[in-house]
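Spelled out from the first residue to the last, the chains are:
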Amino acid sequence: MRPFAHLVLFVFVLALPGTARAGDACKQRDMPPHKVAEAARTALLAARQLDEVDAPVALVARVGTDLSKQGLVYSHAGFAVRDHAHGRWTVVHLLNECGSDRSGLYAQGLVNFFADDLVNQDLRIVWFTPGVADRLADRLRQMPRHSLHHPRYNLIARPGSEDYQNSTAWIVEVMAAALADRGIYDRRGAYAFARGDGFVPDRVHIAYSKRVLGGLFSANIDFTDHSVGTRLSGDYPVVTVRSIFRWLERRGHVREQREWRGGVRQAAMGPA
Amino acid sequence: MTRPIARSLTLALAAALSGGLALPAQAAPQSDGASRMSQASLEASIEVPVAVIHALGHGASAVVTGVAVVAGSVAVTVSVAAAGVVAGASFVVYLGAEAVKRLGIAVGTAISVAAVATGWILSAAGEALCFIANDAARPHIHSHRYGG
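The notes below deal with the structure included here.

Conventions adopted
- Residues numbered from 1 in each chain as written.
- Chains lettered and ligands numbered in written order.
- Predicted model: local features only at pLDDT ≥ 70, side-chain atom pairs only at ≥ 80, totals over all residues.
- Pairing = 2+ DSSP bridges.
- Helix = DSSP H or I, 4+ residues; strand = E, 2+ residues; numbered from the N terminus.
- Contact = placed C-beta atoms within 7 Å.
- Axes fitted to C-alpha atoms, helices over the stretch in contact; angles between N-to-C directions.
- Expected span 1.5 Å × (residues − 1).
- Buried ≥ 20, exposed ≤ 12 C-beta atoms within 10 Å, placed from the backbone.
- Core = buried A, V, L, I, M, F, W, Y, C linked by C-beta atoms within 7 Å.
- Parallel < 35°, antiparallel > 145°, perpendicular 65-115°, else oblique.
- Nonpolar A, V, L, I, M, F, W, Y, C, P; charged D, E, K, R; others polar.

**Observations concerning the sheet that holds strand 2 (residues 76-84) of chain A**
Overall, antiparallel pairing links the eight strands, which are arranged 9(A)-8(A)-5(A)-1(A)-2(A)-3(A)-4(A)-9(B) in an open sheet. A single partner strand is all that each edge strand has here, and the edge strands are strand 9 (264-265) of chain A together with strand 9 (143-145) of chain B. Each of strand 2 and strand 3 (87-96) of chain A touches helix 4 (residues 167-179) of chain A; the most contacted strand, strand 3 of chain A, lies at about 125° to it.

Set out below in structure tokens:
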């Protein structure tokens, strides 16, 4: 223990991983203390589950946005890595920064992961088959090396887009790299592998009127990533958490899943 | 290695507190787009002396022992002490000036301490001021951005 361990000092630390977050979209937002306490409770629940299963990594999904109108439940996911350099269970995930067209890769604690002004504290944890899990954990522990991260963010990035990437697209590409029995170190190769392995993007309908009148103009949404035909139809292919779950389940990459809704462990997996 | 100072997440007044908490770091907001899929996470944290955690774990009471205006917000020093625990300890929470005025926070104001499963919620005049994580939750609070 360091010599000044018990000094009564007040040290205020910015845990901000980079404070250069200029722009109106980066205004401070307050989190009620009870919501942080709830997030901490979910974090401890998740940590207990992760400890129970002998696996180096799992996929953890959260409900950060109400996507019920799109028929979706989970909006975001990250990889929880055991004995990561930053903590026993550290979530490695891609985050859009301040509503901008940029993203960063983050390694965060489970409380941070669940304290993000979420719709609720529902969660699903997906464990992978052992070989996949080992390769994935190795890859994640090497981050940011071979990260497959592309910092230009688009909320509705076209699956396979080389110009943009969002959180879920990054997960698919990293998963693909881990699934492959050969080294994949480029995004195009990773997505091609995922498609060849049976990954099918979801489709989300965003009507033209919604685009124009619904306020869906912001720095982190670029519809032009999609073809004119897609934009006219309003049916956008996107990588959703649901599409990732379906892929992993269908291809037999899932070893086990556990889910909580309203704080209650579910006997069977619900809609994703 | 044991860290010299216990880290606790201390967060934010409810939105009801106009002006809110002027913590130096906060959640990085996101688009509210209909198909939002990611969100920058909460990143504000305060480190408090390990003695604060120790005292809270022994049923400490808390009281405001200092109020100072700092860069447009108000630094409220909260001191905690528990019976049988020799050393008291303090930490600082930054509040908005309006909140401080409305809640009547001044030196001597009693702060209520409510234990929850993952730590403590400290309140004044019935409104929550901050959450402080306990030893179980604290290891799960950290944030690192690759590449700085």
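Having put the structure on the table, let's press on.
**Section: the sheet that holds strand 8 (residues 127-133) of chain B**
Read across the sheet, six strands follow the order 5-4-3-6-7-8 (chain B) without closing on themselves; strand pairing throughout is antiparallel. Looking at which strands have only one partner, the edges of the open sheet turn out to be strand 5 (89-95) and strand 8 of chain B. Across the sheet, the mean angle from the axis of one strand to that of its neighbour is 30°, orientation sign disregarded. Across six bridges, the pairing between strand 7 (residues 119-124) of chain B and strand 8 of chain B is antiparallel. Bridging from a neighbouring strand, Leu122(B) pairs with Cys130(B) of strand 8 of chain B. Packed on one face of the sheet, helix 1 (residues 33-52) of chain A meets strand 6 (110-116), strand 7 and strand 8 of chain B and runs near 30° to strand 8 of chain B.

**Topic: helix 1 of chain A**
The end-to-end C-alpha distance of helix 1 of chain A is 29 Å, a good match for the 28 Å that 20 residues give at a rise of 1.5 Å each. Among the 20 residues that make up helix 1 of chain A, 14 are buried, leaving the element largely enclosed by the rest of the structure.

**A few points about the nonpolar core**
The nonpolar side chains of a soluble globular protein tend to be buried, and buried together. All names here are of chain A. Core analysis: the biggest nonpolar cluster contains 118 residues, and Val57, Ala58, Val60, Leu136 and Val172 have the highest contact counts within it. Here the element with the most residues in this core is helix 4; it accounts for 10 residues. Excluding its chain neighbours within four sequence positions, the residues that come into contact with Val60 are Ala46, Ala77, Gly78, Ala80, Val91, Phe113, Leu123 and Ile125.

**Some words on the packing of helix 4 of chain A against helix 5 (residues 187-196) of chain A**
Residue and element names in this part refer to chain A. Where helix 4 meets helix 5, the closest approach of the two axes is 8 Å, and the angle between their N-to-C directions is 80°. By the angle class used here, helix 4 and helix 5 are roughly perpendicular. Along its contact with helix 4, which presents Val172, Glu173, Met175, Ala176, Ala177 and Leu179, the element helix 5 presents Arg187, Ala190, Tyr191, Phe193 and Ala194. Here the residues of the contact of helix 4 with helix 5 sort into nine nonpolar, no polar and two charged.

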